[in-house]
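Close look at the chain arrangement
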Amino acid sequence: SRLALTKARQIAPLNTDHSANLARLYRTWGSLSSGQQQAQRLNQALTYYAEATSLSPHNAQLFNEYGQTYVALGQAAEAQKQAEQAAADYNDAMAKYQQSLTLDQKFETTYLLMGELAMQRKNWTEAKSAYEKALTVNPRSAQAYSALGYIDTQLGDQTAAMQAYEKAVELSPRNFANRKNLAIIYQQLGMYT
């Protein structure tokens, strides 16, 4: 894959897709690697995302993917007990998500990614805000309601968690996790029936 994509990029260096696809390849390859190889491959992905976003500076999706690569680097740094590096990578990820928002404030995915990153960092208030913004863009986002249920549980607001999980179940009735979490909330609230 790498050889084919590299050749395509050589043939048409101004075609954003080739740089973006190389970035995606290295991000995936990095996520399947460990240790030094993981960091090298993820950093190579960052290089290709920098190139792709310079070729297409108005592509919000590319900035989101760029941010996700920084998240992967942060997770790798955390696994190696490098807290400062992880924090820097997470800040870089959030900066890329912010760039995405400057391009498209109606892109639900960006808010979901921001919420996910804030949850990972246990910043519940920031996470809640991101998921609520996702719902302003897409009021039928079961994923956002599910995340809000979890966040409200962490914040100790079982009633709000119940309401969020009920909405998530309504929107995605076959999702086992939402039903299970709703049952747990009902139990905690003494609603056994």
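Here, every reference points to the structure presented above.
This report concerns the structure included in the present document. (Residues numbered from 1 in each chain as written. Predicted model: local features only at pLDDT ≥ 70, side-chain atom pairs only at ≥ 80, totals over all residues. Heavy atoms only, no water.)

Describing the pattern of salt bridges
In plain terms, the rule: Any carboxyl oxygen of Asp or Glu that lies within 4 Å of a side-chain nitrogen of Lys or Arg is treated as forming a salt bridge with it. Helical segments are the DSSP runs of H or I of at least four residues, strand segments are the runs of E of at least two, and each set is numbered from the N terminus. Three labels apply to residues, based on accessible area from a 1.4 Å probe with only protein chains included: buried if under 20% of the type maximum, exposed if over 50%, partly exposed otherwise in between.
Evaluation of the coordinates by the stated rule reveals four salt bridges. With a closest N to O distance of 2.7 Å, R9 and E51 form a salt bridge. Highlighted residues: R9 in helix 1 (residues 2-11) and E51 in helix 3 (residues 35-55), separated in sequence by 42 residues. For E51, a relative accessible area of 22% translates into the label partly exposed. Ionic pairing is found between E65 and R24, a salt bridge with its closest N-O pair at 2.8 Å. One end of the pair, E65, is in helix 4 (residues 60-79); the other, R24, is in helix 2 (residues 16-31), and 41 residues separate them in sequence. The partly exposed category is assigned to R24, whose relative accessible area is 28%.

Structural notes on helix 9 (residues 158-171)
Working note: α-helix, 3.6 residues per turn, so residues spaced by three or four point in the same direction. Keep this limit in mind: Under the convention used throughout, the expected extent of a helix is 1.5 Å for every residue step, that is, one less than its residue count. Note on definitions: a residue-residue contact is assigned when non-hydrogen atoms from the two residues lie within 4.5 Å.
Helix length check: helix 9, at 14 residues, gives a terminal C-alpha distance of 20 Å against a target of 20 Å (1.5 Å per residue), a fit within 8%. The set of residues buried in helix 9 consists of Q158, A160, A161, M162, A164, Y165, A168, V169 and L171. Contacts from the buried residues of helix 9 go to helix 8 (142-154) and helix 10 (176-188).

With respect to the packing of helix 1 against helix 2
Between two packed helices, the angle of one axis relative to the other and the distance separating the axes together describe the packing. Operational definition: Here an angle of 0 to 180 degrees is reported between the N-to-C directions of two axes, which are lines fitted to C-alpha atoms, with helices fitted over the stretch in contact. Convention used here: angles under 35 degrees read as roughly parallel, angles over 145 as roughly antiparallel, angles from 65 to 115 as roughly perpendicular, and any remaining angle as oblique. Here is the rule for handedness: rotate from the far helix to the near one, and if that takes an anticlockwise turn smaller than a right angle the crossing is left-handed, while a clockwise turn gives right-handed.
Direction vectors running N to C along helix 1 and helix 2 enclose 155°, while the axes themselves pass 9 Å from each other. By the angle between their axes, helix 1 is roughly antiparallel relative to helix 2. In the crossing of helix 1 with helix 2, the sense of the turn from one axis to the other is left-handed. Here helix 1 contributes R2, L5, T6, A8 and R9 to the contact with helix 2, which in turn contributes H18, S19, N21, L22, L25, Y26 and W29.

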